[in-house]
Amino acid sequence: MNKQVHDVLKQGNEAIKELQKGVTAEDFQKIADDLQDQQEINDELARALGVEAVDEGEFEEELKKLEAEDVKKQLKNAPQDQLPKVTPKKPARAKKEEEKQACLLY
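All of these numbers come straight from a predicted model, not from anything done at the bench.

Asker: Talk me through the overall build of the protein; I want residue IDs and the actual numbers.
Answerer: Along its length, the protein carries four helices and zero strands. When the helices and strands of the protein are listed from N to C terminus, the series reads α-α-α-α. Within the protein, buried positions represent 1% of all 106 residues. Taken as a whole, the protein presents about 10,900 Å² of accessible surface, with 57% of it coming from carbon and sulfur.

Pasting the structure below:
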């Protein structure tokens with residue numbers, strides 16, 4: 001069992017090394033820097049156009065609030081008189097108990 005675990009760990013380690021060939025931390029940092037530069041350009045363009053840059057998280061949060069308000073309005077405006085009248089039924093056990101009580105009285 002230990003040998004199998006050892007062999008699997010060794011294979012996993014070799015696979016990771018193969019994936020990391022030619023990729024360095026500097027490569028990832030360059031990508032992150034490029035993305036940051038692009039975001040800054042987008043923000044600059046938005047300011048030049050007089051458009052407020054929107055954070056995606058804030059956008060999603062605002063959208064959820066608006067959707068919730070819309071649902072509340074729809075529920076508030078839903079016709080209440082069209083709901084069917086339902087009379088609650090007694091459970092079968094309670095009904096049988098009442099019948100037993102009625103039989104005992106006679």
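Asker: Report on the pattern of salt bridges, specifying residues and quantitative values.
Answerer: Where side chains of opposite charge bring their charged atoms close, a pairing between them can arise. Scanning all chains against the criterion turns up four salt bridges. Linking Asp7 and Lys3 is a salt bridge whose minimum nitrogen-to-oxygen distance equals 3.4 Å. One end of the pair is Asp7 and the other is Lys3, both in helix α1 (residues 2–20) and four residues apart, which spans about a single turn. Across the pair Asp34 and Lys30 runs a salt bridge whose closest N-O atoms are separated by 3.3 Å. Here Asp34 pairs with Lys30, and both are found in helix α2 (residues 25–48), just four residues apart, close to one helical turn. On the basis of relative accessibility, which here comes to 36%, the residue Asp34 falls in the partly exposed class.

Asker: An account of α1 is needed here, citing residue identities and associated values.
Answerer: Each full turn of the α-helix corresponds to 3.6 residues, which orients residues three or four apart in the same direction. For α1, built from 19 residues, the straight-helix expectation of 27 Å at 1.5 Å per residue is met to within 8% by its first-to-last C-alpha distance of 27 Å. Gly22 sits one or two residues past α1 and shows a positive phi near 80°.

Cut-offs applied
Every chain is numbered independently, its residues counted from 1 as its sequence is written. Two thresholds apply to this predicted model, a pLDDT of at least 70 for residue-level local features and 80 or more for giving and counting side-chain atom pairs, whereas whole-chain, interface and lining totals are computed over all residues. For side-chain calculations, the full set of non-hydrogen atoms in the structure is used, while hydrogens and water are omitted. Only runs of H or I of at least four residues qualify as helices and only runs of E of at least two qualify as strands under DSSP, and these elements are numbered from the N terminus. For the exposure calls, accessible area comes from a 1.4 Å probe over protein chains only, and a residue counts as buried if that area is under 20% of its type's maximum, exposed if over 50%, partly exposed in between. Throughout, the Shrake-Rupley method with a 1.4 Å probe supplies accessible areas, and for residues the shown protein chains are the sole cover considered. One speaks of a salt bridge when a side-chain nitrogen belonging to Lys or Arg is within 4 Å of a carboxyl oxygen belonging to Asp or Glu. Expected helix span is taken as 1.5 Å per residue step, with the number of steps being one fewer than the number of residues.

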